[in-house]
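# Chain and residue survey
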Amino acid sequence: MAGLHAHTDDITGIIAVTDSGRSTGKVRIALDVPAPGDIRNAIAILAEGDPVLRRLFSHRFETDKSTELNGMAFGNLFLAALAQQEGSFLRAVEEAARLLSIRGKVLPVTLYKRIFLRDADVKAAEGTCEAIDYLGGSGLDVALLNDDPPPSHLRDHHAEQGMRYLDPTAAEFARIEALGVRVAAAPVIDKWSGPRELWKKQDTIRHDATRLSDALMKLMAEQRPRLRAIQ
């Protein structure tokens, strides 16, 4: 979304609410709301409003006097407070999006707080299925794989943390295409930022927002003639 919002307003982020760790987990348990952390990140990425409010939304408290507050993201508390005030987590997300003037739309994938299905009537949040059906077709069309390997120093660093980069191979391409999914390869990872210091979170190789959005826009441009031919 960070890359795509430079190209279009027509973005809908359907965001998971299954995070249970650290700041997000504390808010989810204490205030009985779906995990807000990934929603907070998505809103912050698309925000175009007051820069002070945008920074505040992503701010984490630093204190050695409270283990509960230390590392807590303000935006998580903000969303939980809005949910209590509005009586709905979905309304809280909508209001936060309005207050931060986001470009696009953010939706939680569901409003339920557990990942197992206990109730017979569990359903996706309003608007999420419509956003996915917008793409057309009956299933997954394309798998986008990175074809620009990370430099050796990044590979070595992450290998020390127990993570191994998986290079795309012809055999992997064949297995994906055997499922009826077309493989597209493009340079999409961030090769330059280097290892990052994250708050109680393991660092990984990440995509580069500009490279990824360029690859997605190219795929969309390629798909449009096919869709017109089908119609």
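Structure first, text after, so check above.
Read on for a plain summary of the structure. (Residues numbered from 1 in each chain as written. Predicted model: local features only at pLDDT ≥ 70, side-chain atom pairs only at ≥ 80, totals over all residues. Heavy atoms only, no water.)

### Points about the overall build of the chain
Within the chain, the regular secondary structure consists of nine helices and four strands. Start at the N end of the chain and walk to the C end: the helices and strands fall as β-α-α-α-α-α-β-α-β-α-α-β-α. The buried share among the 231 residues of the chain stands at 32%. For the chain, restricting intrachain contacts to residue pairs at least 6 apart in sequence, the fraction spanning at least 24 positions comes to 62%. When the accessible area of the chain is evaluated, it comes to approximately 14,400 Å², of which 53% is carbon and sulfur surface. (Helix = DSSP H or I, 4+ residues; strand = E, 2+ residues; numbered from the N terminus. Buried < 20%, exposed > 50% of the residue type's maximum accessible area, 1.4 Å probe, protein only. Contact = heavy atoms within 4.5 Å. Areas by Shrake-Rupley, 256 points an atom, 1.4 Å probe, with all protein chains shown as cover.)

### Focus on the side chain of glutamate 95
Structurally, glutamate 95 can be placed in helix α5 (residues 89–99). Given the relative accessible area of 15%, glutamate 95 is considered buried.

### What to know about the packing of aromatic side chains
As enumerated under the stated definition, the model contains two aromatic pairs in all. Ring geometry for phenylalanine 57 versus phenylalanine 78: centroids 5.6 Å apart, planes at 85 degrees, classification edge-to-face. Here the residue phenylalanine 57 occupies a position in helix α3 (residues 51–58), and phenylalanine 78 occupies one in helix α4 (residues 74–86), the gap between them amounting to 21 residues. An identical accessibility class is assigned to phenylalanine 57 and phenylalanine 78; each is buried. (Phe/Tyr/Trp six-rings, centres within 6.5 Å; stacked < 30°, edge-to-face > 60°.)

### Some thoughts on the nonpolar core
With 25 residues, the main nonpolar core has Ile39, Ile43, Phe57, Phe89, Ala96, Ile102 and Val106 as its most contacted residues. Put simply, the parts of the chain that give this core at least two residues each are α2 (37–46), α4 and α5. Once residues within four sequence positions are removed from consideration, alanine 96 is found in contact with Ile43, Phe57, Phe78, Leu79 and Leu82. (Core = buried A, V, L, I, M, F, W, Y, C linked by side-chain atoms within 4.5 Å.)

### Overview of the environment of valine 142
Tracing the backbone through its elements, the reader meets valine 142 in strand β3 (residues 142–146). Once residues within four sequence positions are removed from consideration, valine 142 is found in contact with Val181, Arg182, Ala184 and Leu219.

### Things to note about the environment of proline 187
Mapped onto the secondary structure, proline 187 falls in the loop between β4 (182–186) and α9 (209–230). By relative accessible area, which is 35% here, proline 187 ends up partly exposed. Residues proline 187 and aspartate 214, 27 residues apart in the sequence, show an inter-C-alpha distance of 9.6 Å. The contact partners of proline 187, leaving out residues within four places of it in the chain, are Asn146, Asp147, Asp148 and Arg211.

### With respect to α5
Every buried residue of α5 is accounted for by Phe89, Leu90, Ala92, Val93, Glu95, Ala96 and Ala97. Those residues of α5 hidden inside the fold are in contact with α2, α3, α4 and β2 (105–108). Two or three places before leucine 90, at the opening of α5, serine 88 has a side-chain oxygen 3.2 Å from that residue's backbone nitrogen. Of the residues trailing α5, serine 101 is marked for its positive phi of about 50 degrees. (Polar contact = N/O pair within 3.5 Å; in protein donor to acceptor, adjacent residues only side chain to side chain.)

### Observations regarding the pattern of salt bridges
Applying the stated criterion across every chain yields a total of nine salt bridges. The salt bridge partner of aspartate 148 is lysine 191, with a shortest N-O separation of 3.1 Å. Of this pair, aspartate 148 sits in the loop between β3 and α7 (152–160) while lysine 191 sits in the loop between β4 and α9, and the two are 43 residues apart along the sequence. In this structure, the salt-bridge partner of arginine 155 is aspartate 167, at a minimum N-O distance of 2.8 Å. In this pair, arginine 155 is assigned in helix α7 and aspartate 167 in the loop between α7 and α8 (170–177), connecting sequence segments 12 residues apart. When salt bridges with common partners are traced through the structure, they connect Glu86, Arg91, Glu94, Glu95 and Arg98 into a single cluster. (Salt bridge = Lys/Arg side-chain N within 4 Å of Asp/Glu carboxyl O.)

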